[in-house]
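Inside the fold
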Amino acid sequence: MLLISCPNCGSRDETEFHYGGQAHVPYPENPAELDDRQWAEFLFYRDNTRGAFAERWLHSTGCRQWFNMLRDTVTYEIQAVYPMGTGRPDSAAPAPESGTASTAPDSTTTGTAAPDISGTSTGPASTTAPEGATK
Amino acid sequence: MAETAALDGINGLQDIRRSPASHLATAMEAGSVEGTAILEESPFQTMVGLRVDPHSEEGARVADVVGGLPARCSEVGGADGVSVLWLGPCEFLVVAPEEAHDSLGGTLIGSLAAALGGDPGQVVDLSANRTIFELSGTRARAVLEKGCSLDLHPRIFLPGTAVNTEVGNIPLILEKTGEESFRLFPRASFAGFLGRWLLDAMREYASPEVP
Ligand SMILES: [Zn+2]
């Protein structure tokens, strides 16, 4: 169980979120000019990265807002959480150990430009999560 | 005249309206343990879904009607018996006593819609969308902790706050109304399951504690 730090709500269980696939896939500027192959590549072809991967997540049973996340696909380490519409941060330093799923928002609302890694979980390797925070 | 007829029609329906967990009323009474864990379904409330940018002018007008919008997750706004729960940066749920509903002589929904005017946002009557369970008692927190992964310890989860989360795998709004009392807002179709789940979680507190 991942502990994901929503920019609006703070750290919550992975089960409250939905995965939205690879982030930063731009809509083609002139979609009508694409041939079938290019269109198919835009629609269906995604990177299969080993290591840090930028992806979109939706806090579906919380604030219902989208955000971006930089996650290591090998270690599941969450390296950064940042708002929609901002660029991918430079491969970040390891996130600090964080506490448990909390009702306290540990970050500001979306719209801040700076990528936020505060309170970001370090994934399954985290030993600080209490029994209740894992399923 | 036509309007009066419509109101009579609505009020007639009011008499036969059943709350989503009404079939569990006797079970909840039997399953409650006085002082330890008491489960009840709350009387109908008027609930309004509100979407507006709180930092905009129309947001300020709407905030005046309800007595303040919450600024961030877990905050509860409102005044005078009206609470405004935070659902998202631009989404709120207004909860008021039933008589605030426009069909029962109140003005809540009409005045919210008027305050929003033609500006971006929405005001929707959601009074029948969710039901409300009231759970209280010294073990109320222990009951919730069986199915909620948030830290519900009183030093973290304070009275007068509310969060969107899951209890017993049911998405709901969890509001802490007092030191040992909570309100749970599941959607109506989950009321039966959640009511039975809570009763099951409460069952052990009816037996003497095994030392
Ligand atoms: Zn959230």
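Residues numbered from 1 in each chain as written. Chains lettered and ligands numbered in written order. Predicted model: local features only at pLDDT ≥ 70, side-chain atom pairs only at ≥ 80, totals over all residues. Heavy atoms only, no water.

**So, the pattern of salt bridges**
- Tallied over the full model, the rule gives 11 salt bridges over all chains.
- One salt bridge in this structure joins Arg-141 of chain B and Glu-145 of chain B, with 2.9 Å as the shortest N-O distance. Within this pair, Arg-141 of chain B and its partner Glu-145 of chain B are both found in helix α5 (residues 140-145), separated by four residues, close to a single helical turn.
- Judged by its relative accessible area of 35%, Glu-145 of chain B is partly exposed.
- Each of the salt bridges in this network shares a partner with another, and the network as a whole consists of Arg-64 of chain A together with Arg-51 and Glu-91 of chain B. (Salt bridge = Lys/Arg side-chain N within 4 Å of Asp/Glu carboxyl O. Helix = DSSP H or I, 4+ residues; strand = E, 2+ residues; numbered from the N terminus. Buried < 20%, exposed > 50% of the residue type's maximum accessible area, 1.4 Å probe, protein only.)

**Re the coordination of the zinc ion**
Residue and element names in this part refer to chain A.
- Note on the zinc ion: its protein donors are Cys-6 (SG), Cys-9 (SG), His-59 (ND1) and Cys-63 (SG). The metal-donor distances range over 1.9 to 2.4 Å.
- Counting residues between consecutive donors of the zinc ion along the chain gives the motif C-x2-C-x49-H-x3-C. Placement of the pair is Cys-6 in strand β1 (residues 3-6) and His-59 in the loop between β4 (52-58) and β5 (66-72), with a sequence separation of 53 residues. Taken individually, Cys-6 and His-59 each receive the classification buried, so the pair is uniform in this respect. (Donors = N, O, S within 2.8 Å, 3.2 Å for Na, K, Ca; no water.)

**Remarks on the sheet that holds strand β4 (residues 83-88) of chain B**
Residue and element names in this part refer to chain B.
- Spatial strand order, β3-β4-β5-β2-β6: five strands in an open sheet with antiparallel pairing. Edge positions in the sheet fall to β3 (76-77) and β6 (122-125), since each of these pairs with one other strand and no more.
- Inspection of the sheet shows β4 paired to strand β5 (residues 91-97) by five bridges, in the antiparallel sense. If you follow Gly-88 over to β5, its bridge partner there is Glu-91.
- Sheet strands touched by helix α4 (residues 108-116): β2 (45-51), β5 and β6. Its angle to β6, the strand with the most contacts, is close to 165°. (Pairing = 2+ DSSP bridges. Contact = heavy atoms within 4.5 Å. Axes fitted to C-alpha atoms, helices over the stretch in contact; angles between N-to-C directions.)

**Here's the deal with a nonpolar patch on the surface**
All names here are of chain A.
- The grouping of Tyr-27, Trp-39, Leu-43, Phe-44 and Tyr-45 at the surface amounts to a nonpolar patch, some 590 Å² of accessible area in total.
- As for its position among the elements, Trp-39 is in helix α1 (residues 36-44).
- Residue class for Trp-39 comes out partly exposed when judged on its relative accessible area of 31%. (Patch = residues over 30% accessible without salt bridge, like charges linked within 9 Å, V, L, I, M, F, W, Y side chains within 5 Å. Areas by Shrake-Rupley, 256 points an atom, 1.4 Å probe, with all protein chains shown as cover.)

**Describing the domain arrangement of chain B**
Residue and element names in this part refer to chain B.
- One can read the domain layout of chain B as domain 1 (22-43 + 131-206) and domain 2 (44-128).
- Taken over C-alpha atoms, the centre of domain 1 sits 24 Å from the centre of domain 2.
- The partner domain 2 presents 13 residues to the 13 residues of domain 1 that form the contact.
- Where domain 1 abuts domain 2, roughly 970 Å² becomes buried across the two surfaces, and 60% of that area is made up of carbon and sulfur atoms.
- Here domain 1 is connected to domain 2 by zero salt bridges.
- Between the two partners, domain 1 and domain 2, sit four residue pairs in polar contact (both at pLDDT 80 or more). (Domains from an automatic or database assignment. Buried area = accessible area lost by both parts, 1.4 Å probe. Polar contact = N/O pair within 3.5 Å; in protein donor to acceptor, adjacent residues only side chain to side chain.)

**Description of the pairing of β2 of chain B**
All names here are of chain B.
- Within β2, six of the seven residues are buried, leaving the element largely enclosed by the surrounding structure.
- Sheet topology places β2 next to β5; seven bridges connect them, and they run antiparallel. If you follow Met-47 over to β5, its bridge partner there is Val-95.
- Taken together, the four bridges between β2 and β6 define a ladder with antiparallel strand orientation. Residue Leu-50 lies in a different strand from β6, and its bridge partner there is Val-123.

**Looking at the nonpolar core**
- In this structure, Ile-4 and Phe-67 of chain A together with Val-66, Leu-69, Val-94 and Leu-108 of chain B are the most contacted members of the largest nonpolar core, which totals 31 residues.
- Counting only elements with at least two residues in this core, the list comes to β1, β5 and β6 (78-82) of chain A together with β2, α3 (57-66), β4, β5 and α4 of chain B.
- Sorting elements by how many residues they give to this core places α4 of chain B first, with five residues.
- For Val-94 of chain B, the residues in contact, after removing those within four places along its chain, are Thr-46, Met-47, Val-48, Leu-50, Val-66, Val-82, Ser-83, Val-84, Leu-108 and Leu-112 of chain B.
- Formed by 30 residues, the second largest nonpolar core is a distinct cluster that contains Leu-135, Leu-144, Phe-182 and Tyr-205 of chain B. (Core = buried A, V, L, I, M, F, W, Y, C linked by side-chain atoms within 4.5 Å.)

**Quick look at the confidence of the model for chain A**
Residue and element names in this part refer to chain A.
- In this model, chain A carries a mean pLDDT of 77, and residues with pLDDT of at least 70 account for 67%.
- Here residues 94-100 is a poorly scored stretch, pLDDT under 50, and it has 24 contacts once near neighbours within four places are set aside; other chains count.
- Of the regions scoring below 50 in pLDDT, residues 106-135 engages in 66 contacts with residues more than four places distant in sequence or in other chains. (pLDDT = per-residue confidence, 0-100.)

**Let's talk about the packing of aromatic side chains**
- The final tally for this structure, using the stated rule, is five aromatic pairs over all chains.
- Both rings, one in Tyr-27 of chain A and one in Phe-42 of chain A, keep their centres 5.5 Å apart while their planes meet at 90°; by these two values the pair is edge-to-face. Of this pair, Tyr-27 of chain A sits in the loop between β3 (18-22) and α1 while Phe-42 of chain A sits in helix α1; the two residues are 15 residues apart in sequence, bridging distant segments of the chain.
- Judged by its relative accessible area of 56%, Tyr-27 of chain A falls in the exposed class.
- On the basis of an interplanar angle of 40° and a centroid distance of 5.4 Å, the ring pair of Trp-39 of chain A and Phe-42 of chain A is categorised as tilted. On the criterion of helical spacing, the pair formed by Trp-39 of chain A and Phe-42 of chain A is a turn pair, its members being three residues apart in helix α1.
- Each residue in the set Tyr-27, Trp-39 and Phe-42 of chain A is aromatic and connected to the rest through ring pairs, giving one cluster.
- The cationic tip of Arg-56 of chain A hangs over the ring face of Trp-66 of chain A; the distance from NZ or CZ to the ring centre is 5.7 Å.
- The ring of Phe-44 of chain B has Arg-17 of chain B sitting right over it, with the charged end atom 3.7 Å from the ring centre. (Phe/Tyr/Trp six-rings, centres within 6.5 Å; stacked < 30°, edge-to-face > 60°. Lys NZ or Arg CZ within 6 Å of the ring centre and 35° of its normal.)

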